[in-house]
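# Architecture and fold: a report
This is what each chain is made of:
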Amino acid sequence: MATEFVEAKDGVNLSDNNFPWHLVMDRGKILGCIYDNKYYSLGSILVLESLPRKCGQASDRNGIWQQLSESELALFKQNIETQQQLERESTYIGAEPINREEARLIRYLRRVKEFAEKSQE
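Here goes a summary of the coordinates provided. Quick caveat, the model's predicted, so the values are computed rather than measured. (Residues numbered from 1 in each chain as written. Predicted model: local features only at pLDDT ≥ 70, side-chain atom pairs only at ≥ 80, totals over all residues. Heavy atoms only, no water.)

## Brief notes about the overall build of the protein chain
Just so we agree on the cut-off: Numbering of helices and strands runs from the N terminus; a helix is a DSSP stretch of H or I covering at least four residues, while a strand is a stretch of E covering at least two. With C-alpha atoms as the basis for the radius of gyration, the globule rule is written as 2.2 Å multiplied by the number of residues raised to the power 0.38. Here's how the labels work: a residue is buried when its accessible area is under 20% of the maximum for its type, exposed when over 50%, partly exposed in between, all with a 1.4 Å probe on protein chains only.
The helix and strand inventory of the protein chain stands at 2 helices and 10 strands. Ordered by position in the sequence, the α and β elements of the protein chain form the string β-β-β-β-β-β-β-β-α-β-β-α. Since a compact globule built from 121 residues should have a radius of gyration of about 14 Å, the 20 Å found for the protein chain marks it as more spread out than a globular shape. For the protein chain, the proportion of its 121 residues judged to be buried stands at 21%.

Written out as structure tokens, the structure reads:
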């Protein structure tokens, strides 16, 4: 399911000697995708050329970037809209922007309220 997308800066640099390549290599095949000299695990979603792509596995067991299916694309768009709505709710009160301290206080109060409601159940 497309719940998060990966930005290019989140990948693992290929020249990093600390990366456990033995966990992602199978008989010389890379079980993941490469983009911009970075490794991404199977299932990662990356926005390439303004379109989201998913790291899948080809028949030769190498990772390939492939287009999302229509249902995955719909879930991806829905998730982006949800994230944008949550971000807007956490940084604005009505049409007025709030500062970081106010946002932190509101998030804290919401968590306390959720915890109290769960405790009552």
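## As for the sheet that holds strand β5 (residues 38-41)
Quick note on the threshold: In this analysis, strands are considered paired if DSSP registers two or more bridges between them.
Across the sheet, which stays open at both edges, the 3 strands sit in the order β1-β5-β4 with antiparallel pairing between neighbours. If you trace the sheet from one side to the other, it starts and ends with β1 (12-13) and β4 (32-35), each paired once. Here 4 bridges tie β4 to β5, and the two strands are oriented antiparallel to one another. Residue pairing in the sheet places cysteine 33 in a bridge with tyrosine 40 of β5.

## Side note on the sheet that holds strand β8 (residues 63-67)
Under the convention used in this document: In this analysis an axis means a line fitted to C-alpha atoms, helices contributing only their contacting stretch, and an angle means the value between N-to-C directions, from 0 to 180 degrees.
Reading across from one edge, β6-β7-β8 is the order of the 3 strands in this open sheet, with antiparallel pairing throughout. A single partner strand is all that each edge strand has here, and the edge strands are β6 (45-48) and β8. For this sheet the average axis-to-axis angle between neighbouring strands, irrespective of direction, equals 40°. Bridge count between β6 and strand β7 (residues 51-57): 4 bridges; the pairing is antiparallel. Directly across from leucine 46, in β7, lies its bridge partner arginine 53.

## So, the environment of threonine 91
Within the secondary structure, threonine 91 sits in helix α1 (residues 70-91). Judged by relative accessible area, which is 30%, threonine 91 ranks as partly exposed. Taking the C-alpha atoms as reference, threonine 91 lies 26 Å from serine 50; in sequence the two are 41 residues apart.

## Examining the packing of aromatic side chains
Here is the rule: In this analysis, rings of Phe, Tyr and Trp, with Trp reduced to its six-membered ring, are considered paired at centre separations within 6.5 Å, and the interplanar angle assigns stacked below 30 degrees, edge-to-face beyond 60, and tilted for intermediate values.
Summed over the entire model, instances satisfying the criterion amount to 1 aromatic pair. The interplanar angle of 65° and the centroid separation of 5.6 Å between the aromatic rings of tyrosine 40 and tryptophan 65 together place this pair among those described as edge-to-face. Taken as a pair, tyrosine 40 in strand β5 and tryptophan 65 in strand β8 lie far apart in primary sequence, 25 residues in all. Judged by relative accessible area, tyrosine 40 falls into the buried class, the value being 3%.

## Looking at the pattern of salt bridges
Here is the rule: Salt bridges are identified by distance alone: a Lys or Arg side-chain nitrogen within 4 Å of an Asp or Glu carboxyl oxygen.
Following the criterion strictly, the structure yields 2 salt bridges and no others. Put simply, glutamate 72 and lysine 54 hold a salt bridge, and the shortest N to O gap is 2.6 Å. Here lysine 54 lies in strand β7 and glutamate 72 lies in helix α1, a separation of 18 residues in the sequence. The salt bridge partner of glutamate 117 is lysine 113, with a shortest N-O separation of 4.0 Å. Within this pair, glutamate 117 and its partner lysine 113 are both found in helix α2 (residues 100-120), separated by 4 residues, close to a single helical turn.

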